[in-house]
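Residue strings, one per chain:
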Amino acid sequence: MSDSMKQSLPNGKDSANKRAENGCNGASTVDCEGGPADFETAIAATGYGKFNFLLLLVALPCCMGTVFETTTMSYVLPSAECDLHLSLVDKGTLNAITYGGMITSAFLWGALSDMYGRKRLLIYGFLLDGTFNILCATSQNVVAIMIFKFMGGFIICGPFAVLMSYLSEFHSLQHRSRVMIVVGIFYSIANVILPSLAWIIIPQQWGFTLFGGNFEIHTWQIFLAVCCIPSLLSGTCVMFFPESPKFLMSKGRNDEAMLVFQRLYAMNTGRNPQQFPIKELVDETLCGGAAGGTATGVHAQEDDEKVKATGLESEPRPGGFHTGLKQILVMFRQPHLGKSLQAYGIQFGILFGLNTFRLWMPQLFTIIEEFESDPNSFQDGTLCDMLAYKVNKTSALLMPTTTMMTSDVLQTSALDGAGTENELISIICKATVEGNMYLYSLIIGSVGVGAYVMTTVVINYIGNRNILVYGLLTSGMTGLLLYWSKSSMTILALSSIYITTASIASTALVGSVVAMFPTSMRTMVVSLTMMFGRTGSIIGNLLFPYLMSMGCLPPFLMIGSIHIVVSLVSLTIPRTLKKPLQ
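Rules used throughout
Residues numbered from 1 in each chain as written. Predicted model: local features only at pLDDT ≥ 70, side-chain atom pairs only at ≥ 80, totals over all residues. Heavy atoms only, no water. Helix = DSSP H or I, 4+ residues; strand = E, 2+ residues; numbered from the N terminus. Areas by Shrake-Rupley, 256 points an atom, 1.4 Å probe, with all protein chains shown as cover. Phe/Tyr/Trp six-rings, centres within 6.5 Å; stacked < 30°, edge-to-face > 60°. Axes fitted to C-alpha atoms, helices over the stretch in contact; angles between N-to-C directions. Parallel < 35°, antiparallel > 145°, perpendicular 65-115°, else oblique. Left-handed = near helix turned anticlockwise from the far one by under 90°. Contact = heavy atoms within 4.5 Å. Nonpolar A, V, L, I, M, F, W, Y, C, P; charged D, E, K, R; others polar. Salt bridge = Lys/Arg side-chain N within 4 Å of Asp/Glu carboxyl O. Buried < 20%, exposed > 50% of the residue type's maximum accessible area, 1.4 Å probe, protein only. Core = buried A, V, L, I, M, F, W, Y, C linked by side-chain atoms within 4.5 Å. Polar contact = N/O pair within 3.5 Å; in protein donor to acceptor, adjacent residues only side chain to side chain. 1 Å grid on protein atoms, 1.4 Å probe; cavity = no way out; pocket = protein on both sides within 12 Å on 5 of 7 lines; lining within 4 Å. Points joined across faces, edges and corners; volume = space filled by probe spheres on them.

K.L.:
What is the right way to look at the overall build of the protein in this model?
P.N.:
When helices and strands are counted, the protein shows 22 helices and 4 strands. If you sum the accessible surface of the protein, you get close to 23,400 Å²; carbon and sulfur atoms cover 64% of it.

Quick look at the structure:
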């Protein structure tokens, strides 16, 4: 047993109770030299410097990997629709399939992370995600692409939730809210880089065939292969970072946590690690409150000597499955049940609207491009006219009698049974690989970067809840206004506002969730929050093409009204401005 452990347990039960009072709730300000320090005191003492900058630098490809996994298909579909013979429903399914994989693994990744740590799951998760992306890029049919995108979603769900917890647990209270918004900036940067890559790669003539033409690689497949690089890079870089000290403390591994704090202190200040002012940490395994009122934190390897020194009764130590089950069950009891249900419902509504519109946005801009370039269309048509044009054209392309040709529109003559001559229109399938689609996506991503930078400045004054409420109100109103849009510039402006404000609101909600729940539950709750959000994404993407075929108003009524509703629900969540981690 370490000297620090012996010193922390000199007087049995009285000592344990004293330490429970001195910082187990995560909100105390214990003197660095006079007693055991809690996590907030220790992480604040490490300062802010080189380590934090390096961590955020690595977080950028991590965020890019997450965005690329969920968004690449939206840029692939306009150019691959001819190669894969896609209907609007097929496109909605391909947009949604990744989220299907995500929701099936939410419980698994949350439990594994809270039991076995953040670092290992980030490494394995990103490396596996990159592998499935490579397999997807080489797939030759829709079914294979769906399978590998589903598996990619199954894997990437874990790194996303773990990353948010991992970053928050390396930053002090002073910087935590701002860091969550910085992550949002990284997601916006990823949304700028992705269409840039698509613009550079997809329009090129880089396709080739192998094995006598049986194996074809198109430029959109090369684009998919390039998009696996951030995930592979992320998994490699995280190997060189330590485990979360908050996680180590929650498992009773205080000696390891102290080494991490000392490492952070040395990197941030340039001083010797032994000069770290804190010499002892609170034993969180003795504090029920730190674990959400359960014994889930009692997972350290306590020997008989420690039990005798404390005078505490030793409970049977649960196994991994038992511990994971307890972590799940505690969320269905107060005081966590109400807060978790609020978070799940709000995220469902946010991503129901946001990811539906975001993933269909390149297709919508493609529709505008096709409409405006077609000499037979009405050039002053509204967005409703454009949507009707695409629905009718897609239906014609999928008709069995439609002839696929290399020219745009051909007119052929034929005789019907009565001998009269009728004109048949043979519509060709021509992939859209150029035009304003990529430029519009770049503009929207750039607007998001600027908005996130501004939010970073004001987050500590406004708070996550206010950003959440007002952001959703704004996105809801702009979603409804899209119905009356009559020009591509108006659609672009409203789309930028809708996607940016809804994205910031979603990030603010995750920041609130991180502060609302204790360490032993944090990754699990974030995972489940995102699971409900992704369920909304699936439902929205599957509904959108059907609503498009019903008329113009239903799809925009759907994405606008849902955000207005959840903005009102967001008024009920607790404030978390500068709230310490539990």
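Read on for the rest.
K.L.:
In this structure, what is going on with the packing of aromatic side chains? I would like to understand it.
P.N.:
Two aromatic rings, taken as a pair, are described by how far apart their centres are and by the angle between their planes. Going through the model one piece at a time under the given rule, you end up with 14 aromatic pairs. Here a set of aromatic residues connected by ring pairs shows up, and it is made of Phe39, Phe261, Tyr265 and Phe276.

K.L.:
Explain the packing of helix 7 (residues 118–137) against helix 11 (residues 229–238) to me, please; I cannot follow it from the model alone.
P.N.:
Angle between the axes and distance between the axes are the two parameters that describe a pair of packed helices. Running from N to C, helix 7 and helix 11 point in directions that differ by 155°, and their axes come no closer than 7 Å. Taken together, the axes of helix 7 and helix 11 lie roughly antiparallel to each other. Pair helix 7 / helix 11 crosses with left-handed handedness. Across the interface between the two elements, Lys119, Leu122, Ile123, Phe126, Leu127, Asp129, Gly130, Thr131 and Ile134 from helix 7 touch Ser231, Leu232, Ser234, Gly235, Thr236 and Val238 from helix 11. Considered class by class, the residues forming the contact of helix 7 with helix 11 number 7 nonpolar, 6 polar and 2 charged.

K.L.:
Can you help me understand the packing of helix 4 (residues 50–84) against helix 10 (residues 219–226) in this one?
P.N.:
Across the interface, helix 4 lies against helix 10 with an axial gap of 9 Å and an inter-helix angle of 155°. Considering the angle they form, helix 4 stands roughly antiparallel to helix 10. Relative to helix 10, the crossing made by helix 4 is left-handed. In contact with Thr72, Met73, Tyr75, Val76, Ser79, Ala80, Asp83 and Leu84 of helix 4, helix 10 contributes Trp220, Phe223 and Leu224. Taken together, the residues that form the contact of helix 4 with helix 10 break down as 8 nonpolar, 2 polar and 1 charged.

K.L.:
How should I be thinking about the pattern of salt bridges in this particular structure?
P.N.:
If the charged atoms of two oppositely charged side chains come close together, the side chains can form a pair. If you walk through the whole model with that rule in mind, you get 4 salt bridges. When the shortest N-O distance is used, the salt bridge between Lys149 and Glu69 registers 3.1 Å. Of this pair, Lys149 sits in helix 8 (residues 142–168) while Glu69 sits in helix 4, and the two are 80 residues apart along the sequence. By relative accessible area, which is 1% here, Lys149 ends up buried.

K.L.:
It is not clear to me how the nonpolar core should be interpreted in this structure. Could you clarify?
P.N.:
The tendency in soluble globular proteins is for nonpolar side chains to be buried as a group. Among the nonpolar cores identified, the biggest contains 146 residues, and Phe223, Phe261, Phe365 and Leu468 are the most heavily contacted of them. With residues near it in sequence (within four places) discarded, Phe261 still touches Phe39, Ala42, Ile43, Thr46, Pro245, Met249, Phe276 and Leu281.

K.L.:
Would you mind showing me how to read the side chain of Thr71 here?
P.N.:
Considering the arrangement of structural elements, one finds Thr71 in helix 4. Given the relative accessible area of 2%, Thr71 is considered buried. Within the structure, Thr71 has its side chain in polar contact with the backbone oxygen of Val67 (distance 2.8 Å). The contact partners of Thr71, leaving out residues within four places of it in the chain, are Leu194, Arg358 and Leu359.

K.L.:
Would you take a moment to explain empty space enclosed by the protein for this structure?
P.N.:
As enumerated under the stated definition, the model contains 7 cavities of 30 Å³ or more in all. Around the largest cavity sit 33 residues that line it, and Val67, Tyr187, Asn191, Arg358 and Ser503 are the ones nearest its centre. At the level of secondary structure, the elements contributing two or more residues to the lining of the largest cavity comprise helix 4, helix 5 (88–104), helix 8, helix 9 (173–201), helix 16 (336–373), helix 18 (437–462), helix 20 (488–516) and helix 21 (519–550). Here the residues of the lining of the largest cavity are counted per class, giving 15 nonpolar, 16 polar and 2 charged.

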